[in-house]
Every structure is written in structure tokens, then in C-alpha cells.
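Architecture and fold: a report
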Number of protein chains: 2
Amino acid sequence: MNMLLDLQKKILPDLVDVLGLRFRILRFIRLMQPIGRRTLANNLEMSERVLRSEVTFLKEQGLVEFATSGMTLTHEGHNLLGQLEVVMKEVFQTRTMEEELEKKLGVKDVHIVPGDSDEYSWVQKEMGRACVGLIKQKMSSKENIIAVTGGTSIAAVAEMLVPDSDLKETLFVPARGGLGEQVENQANTICATMARKAMGSYRLLHVPDQLSKESYESLINEPTVKEILQLIHSATMVIHGIGEAETMAKRRNSSEEMLKKIHEKKAVAEAFGYYFDQSGDIIHKVLTIGLQLEDLNDIPDIIAVAGGSSKADAIEAYMKQRPSQVLVTDEGAARAILT
Amino acid sequence: MNMLLDLQKKILPDLVDVLGLRFRILRFIRLMQPIGRRTLANNLEMSERVLRSEVTFLKEQGLVEFATSGMTLTHEGHNLLGQLEVVMKEVFQTRTMEEELEKKLGVKDVHIVPGDSDEYSWVQKEMGRACVGLIKQKMSSKENIIAVTGGTSIAAVAEMLVPDSDLKETLFVPARGGLGEQVENQANTICATMARKAMGSYRLLHVPDQLSKESYESLINEPTVKEILQLIHSATMVIHGIGEAETMAKRRNSSEEMLKKIHEKKAVAEAFGYYFDQSGDIIHKVLTIGLQLEDLNDIPDIIAVAGGSSKADAIEAYMKQRPSQVLVTDEGAARAILT
DNA sequence: GCGGGTGGGACATAATATGTCTATAAGGGA
DNA sequence: TCCCTTATAGACATATTATGTCCCACCCGC
């Protein structure tokens, strides 16, 4: 509805931050006036100096007045704040939802992109872009190894990657071996795409979809495989998707009994080739080599990318037992999770 | 209507500029794509480097693409630009009017404050604030002498003045002697108020309202008066209002024949104690000492402050023959002038 | 091949934001 | 009345960012 706002978020992303900051300042002044800079700075958890700049600005705009006893809102500031309060809810819709999600899911950091992937495909790309931003941000200065899974969400991330000087030294590896996906959504393919887009390097994990216990044992001892496994376990970052259990199982042409098992045990979520039920317990695990769920504890940064209102249950289920990650999702999923 | 926008202009003034800049860039790219940085920078009259930062940002937002042949809008960028165009008219309403007024009146610099002084009294204060901003901006580093006239608009400027390190050395003087106004709107009073608010110094011009030719001659040779006159003539800045002829004449308790003269000769505007008709010709001049109209040519900065739709004709008339100034006005007057 | 365009990289410098400290004035309680 | 606490305001060094300026490799039409 408020088109301008959405456009501004896109074209002036920090606008929202500054706006929020000044809004908070004004609110606090109204609440505690007259109040001094130091007290205010403490309460708002910011350095006195930056608050001072902000507050000087507000003074110049005639919204607050300085006195020797502290700062007060002017009449005009009071009016403006009143109007602001009406509008700000809308502005911070997503930010508020992010915080609610962080709390509800116990995830450290949630990023919500406007829209619903189920409705528009470009929303998934937006999630991709957001994720790329996060990746760059979390990049340490030295050699980075990024492990990726398959799925359309992660494919979107790959698509949105752009070369960056920070990314050039990065090595991309698939998190786990063949999971039976279509080529364009396989971890291997995505991994290669990412490396190409980021001008980085990559290693692939060539293992067949169906593995018997025996071939698993022998493969794991292959020198080439072993080497890559080591790389995977020393990954500094994992980027993975979350899928709906049934959809994923079908897409992977799983056996009839497999589908039955999933259905009976009420699996709702899928990630890394693991299937989870509503409470986040593991129902089934596709046998393949690579990153196991318990290995995640050793990896510093784990980013989950999943959106669309239809995935809400899956996201919620998966996150139930695997918190303290970063989640990139969309408005559709967020709303559905928060019901 | 769009409340958020007005609030933003108030609370995030420079973000609006950035918005405009990016908008212009996108438009130009669409027009000339594919286009290179240098060409684009030339066309937009900005340095290549700042354009580069902007354009890199736009790339990161996925709105433009870089290729070896130049930059192009992405599909997304195209969409966004389309939506932006709808909204931007509103954003730049006042800016557009400012440009139109500059053209129509031949004034170098026009500043329009939202609202109409006739409707809300706070609009006049806003003009005052805007004017204060301009004053500070135009302040040269050395001793400044600011000459001011009377009137409610200038009184508003005085009210909005705030101390500033730049202003401390400033000397305020009244532009002309007694013009028969009420005390609070007299040049002398305003002058003193300004100096107090700005922590500057001031000199007053004590001359009676009604002056005979003889006393005029003798006063002008008084050493104390002479000294101040010299200061007035060496003023670095003049801030004056523009009034409606009839209103001003009545407010000054002018004689019956005076009112008649004004009416007959169809005076519409008043400034500095001069009365002007619709084409800007001088109809009458109140005899007092101080700044004469022709002295204005020697003064570097001249700022006119006048607003309210009712003053539109007066502003237009006065400006007809006295262009290349700075005009601070409000939306009401601006709309009325542009009809 | 060549000239004029392109994006990208690099780096010094200007501008700005921020952290830190000090001066000084005003109000409130002993 | 005086002192103590709080406040703003100013000043300045430093960290961070923006900007100006070059240069390079590349691509494309000639």
C-alpha cells in the first residue's frame, strides 16, 4: 500500500535505521524530559557523542530544546512525534517481525525480505541477495570455506552472488553428497555456480545418490574423497535451505516405503538430507557422506535460507532444535510462523 | 496526504536529496543505456567518483548491471524506476515549485516551506527557521553586519535564531529608521532580539516616525546617526520582508491622503518603507534615514522573507524589478504566484 | 592494430563521525 | 550561602568514510 516506503527501503536502506534511531530518541525524551545527554545515551545504549550529533540535529530542526536542566521536546517536536507514531508501525513492520521471530525460534539473527516466495519468484531472489549481503558481512579476512546444500533457495543465493574482492579467496564445497535432486538444485551444481559468480574456487563431491553401507565405507576412505571431507569439516560457513518433508521426498524420487515412513511419522521439515517431525526430532536421514547434523556445532557461521508461507511449518519445525543460527526468510513465511 | 513523506523531510532532510540523486541516475541510465560512468557523470554534472559510489550501491541493490559496454538497468531496476516516477512527483513538489519560481521571478534562490502562513502561524516560524539556516550558510568568516527591516516575517526570523559560533561576531543593525510600526514589529526591536538570540551585538537607529525635510537634514549629520548610517551601508547582508501595500499603510496609521494615494495608484507591495505597484514601480517612499533602495546594489546578500497566499501579489510585484536575491516563502504564496 | 570508450583497482587526501576530556553554568539540598 | 551534582558546550585527537585522481586491462567498431 505505501509504495513509497517500500521503494525507499530498497533505494535508501539505511533510511529506516536513521529514522528508527531518531524516533527512539524523541520518544525517550518525551518520556523522561527534561533529560540529559548522558542519561539518555545510557538508556538508549549508544555512545554519548553520537547521541549528541543526533540531538543537535533535532535541535536544529526545532524538535527539541536544550536547557541547563536537560533536553525537552518543543511543541513542534511533540506534534511531529505524535504523527510519527502513527506511521512508524508500518515502517518497522518487518523489523518487528524479525525480533518476534528471533524470540519465538530462538534464532540469533533473522532477516525478513518483503513479499512471499510462493506468490512471486523474485522474492526468492531477494532472499538470495539478502543472504549474499550477510555472507560478505560475516566473511573473515582469511581463507574462507563455504559449504552449501542444494535446493532452489540456495540456488537463488548462488544466482545473486557477485564478485567481490573479499570473496576471491573463498573455497566453495558442497555440504553433503548426492541427495537425488535435479541437477540445477544439486549442491554440487550450486557450489560450482557460486564459485564461478564469486570468482572463487570450488571442489566437488562426486558420490552416487544411493549408497550401500559397504560402498559408503570404502568411499569414505578414498583419498580424494577424504580430502574434500576434511575441507567440509573445516568449513567456516554453511549455507543451507529448509524444505517441506514430503515435497523434498517426492522431488528426490524416494522409494515408496520411504514416502510412507515420512507420512506415518509426520515429517514436516527437511534439511541436509535429514527429515524432521513437528517437534524437530530426526525421522530419517539420507545416507550420504559429508556434513552430518552434529558437525554443525563446530562451524562458526550457519545461515539458513527458506521462505514462502508454505514453508512456515518446516522452518518452525527445523528451528526447534537447531537454534542460534542466522535465518533468511520472507514476509510470507514470517507471518505464517507468527500466525 | 502522504504524512510519512512530510515527516521524513523534516526528520531526514538529506535522505531526500540522496533519493533525488539516485532517482536522477536511474532515469539517465534508462535513457542512455548502455552508458559508462564518465559520460554519465558529465551529464549529471557530478564527479565521477561520487557517481561511482552511487552506482556501485545501485548495483548491489540489483537495480543496474555493469557490463564492459556500460551500465544497464536490470529488469528489477526498470520496475522500480517505473514505480518511483509515480511517487517522486510528490516528493519533489516543493523543489519543482522552487525552480519554477526562480524562473518566473528571476530570483537566484527560492526556498519554499510547506504550508501557508495565512492558515497556520507555525508556517511563518518555519520560514524563519529556513531563513536562519540560509543566514548561517551565507555567513562569511569575518565580521558580518546584518541589516534587518521590520514586519512579522522578520520577527519570526528573529525568534528562530539560535546562538552559533559563527554568529557571535555579528553586528545587527536596523535597515531603516522609524516606519511607524508597532513596537514588536519595528526594525529596532527585531534587531535587538536577533542580537540577543544570536549572542551578537547590535546598534539602534533612534529616529522619529514623522520626519520633516529639515529635521531629516540635521539628523543625518548627527555624529551618532552618521556612524550607524555608515554601518548600515557597509552591511554584508540584508534581511527584509515584503508586505501588502494597503495592510502596511493601515498598520502604520498613515494619513488619509496617503491611503488615498496608495489606493489610487494601485500600490500592491511594500518593502523597506517603499510602496510598489503591480509592475514594481515605486509609488511612494516613506521619508526616513537609513538604507535606500538603490543602496541594495552594493550589498552582497539580500534575503527576502514573505509568505502566505495573500501576499502572493505583493511578492510578485516587488520582485519584478528587484531580482537576483534570495526569497524565502511558503507553499501558499508559491502556489498563488504560479497560479 | 588502434583509438576511444568501458569497468575496476589503488591510493592519497579531504571531510566527517566519533571518542575523550575539560570548562562552566545552573539548580537543589545541607 | 555554599557545595555537589547535573547539565550543555567547546575543543581536539583519532577513526572512519567519502572523494579526487590515476592507471590499467579490456572490449568494440573502425
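Computed from a predicted structure; not experimentally measured. (Residues numbered from 1 in each chain as written. Chains lettered and ligands numbered in written order. Predicted model: local features only at pLDDT ≥ 70, side-chain atom pairs only at ≥ 80, totals over all residues. Heavy atoms only, no water.)

Comments concerning the sheet that holds strand β7 (residues 237-241) of chain A
Residue and element names in this part refer to chain A.
- One open sheet holds the seven strands; their spatial order is β3-β13-β12-β7-β4-β5-β6, and the pairing between them is parallel. Either end of the sheet is taken by a strand with one partner, and the two such strands are β3 (109-113) and β6 (201-202).
- Bridge count between β7 and strand β12 (residues 301-305): five bridges; the pairing is parallel. In the sheet register, Val238 faces β12, and the bridge partner there is Ile302.
- On top of the sheet, helix α15 (residues 331-338) reaches β3 and β13 (326-330); it is set at about 100 degrees to β13, its chief contact. (Pairing = 2+ DSSP bridges. Helix = DSSP H or I, 4+ residues; strand = E, 2+ residues; numbered from the N terminus. Contact = heavy atoms within 4.5 Å. Axes fitted to C-alpha atoms, helices over the stretch in contact; angles between N-to-C directions.)

Some words on unusual backbone geometry
Residue and element names in this part refer to chain A.
- Backbone geometry at Asn253 places phi at a positive 50 degrees, although glycine is not the residue there.
- Relative to the elements of secondary structure, Asn253 occurs in the loop between α12 (245-251) and α13 (256-264).
- A positive phi angle is found at Phe272, which is not glycine, with a value near 60 degrees.
- Note on placement: Phe272 falls in the loop between β9 (267-271) and β10 (274-277).

A word on the protein's contact with DNA strand D
- Lining the immediate environment of DNA strand D, one finds 17 residues, of which Arg38, Thr39, Arg52 and Phe66 of chain A together with Ser47 of chain B sit closest.
- Considering the 4 Å shell around the protein, atoms of DNA strand D inside it are sugar or phosphate in 53% of instances.
- With respect to DNA strand D, the side chain of Arg37 of chain A contributes an N or O atom lying 2.9 Å from a base nitrogen.
- Between DNA strand D and Thr68 of chain A there is a distance of 3.4 Å, counted from a sugar or linking oxygen to a backbone nitrogen or oxygen. (Near = heavy atom within 4 Å. Polar contact = N/O pair within 3.5 Å; in protein donor to acceptor, adjacent residues only side chain to side chain.)

Notes on the UniProt feature "domain: CggR N-terminal DNA binding" (unreviewed entry) in chain A
- Here, UniProt's "domain: CggR N-terminal DNA binding" (unreviewed entry) annotation points to residues 18-88 of chain A.
- Within residues 18-88 of chain A, the helical portion is 70% and the strand portion 11%, while the C-alpha atoms at the span's ends are 12 Å from each other. (UniProt positions renumbered as here; feature names shortened; annotations may be inferred.)

Focus on the pairing of strand β11 (residues 282-285) of chain A
All names here are of chain A.
- Taken together, the three bridges between β10 and β11 define a ladder with antiparallel strand orientation. Paired with Tyr275 across the two strands is His284, which belongs to β11.
- Joining the antiparallel neighbours β10 and β11 is a turn of four residues, in which Gly280 adopts a positive phi near 90 degrees.

Re the domain arrangement of chain A
Residue and element names in this part refer to chain A.
- Structurally, chain A comprises domain 1 (1-91) and domain 2 (93-338).
- A C-alpha centroid distance of 40 Å is found between domain 1 and domain 2.
- With five residues of domain 1 at the interface, the matching set in domain 2 holds four residues.
- The junction of domain 1 with domain 2 conceals about 300 Å² of combined surface from both sides, 28% of it contributed by carbon and sulfur atoms. (Domains from an automatic or database assignment. Buried area = accessible area lost by both parts, 1.4 Å probe.)

Structural notes on the pattern of salt bridges
- The final tally for this structure, using the stated rule, is 32 salt bridges over all chains.
- A salt bridge links Glu76 of chain A to Lys10 of chain B; the nearest nitrogen and oxygen atoms lie 3.3 Å apart. Placement of Glu76 of chain A in helix α5 (residues 75-91) and of Lys10 of chain B in helix α1 (residues 3-11) is noted, with the two residues assigned to different chains.
- The exposure class assigned to Glu76 of chain A is partly exposed, which follows from its relative accessible area of 27%.
- Owing to a relative accessible area of 14%, Lys10 of chain B belongs among the buried residues under this scheme.
- Across the pair Arg129 of chain A and Glu76 of chain B runs a salt bridge, and its minimum N-O distance is 2.8 Å. Taken together, the residues Arg129 of chain A in helix α7 (residues 121-138) and Glu76 of chain B in helix α5 (residues 75-91) connect one chain to another.
- You can call Arg129 of chain A buried: its relative accessible area is 12%.
- Among the charged side chains, a salt-bridge network with shared partners connects Lys10, Glu126 and Arg129 of chain A together with Glu76 of chain B. (Salt bridge = Lys/Arg side-chain N within 4 Å of Asp/Glu carboxyl O. Buried < 20%, exposed > 50% of the residue type's maximum accessible area, 1.4 Å probe, protein only.)

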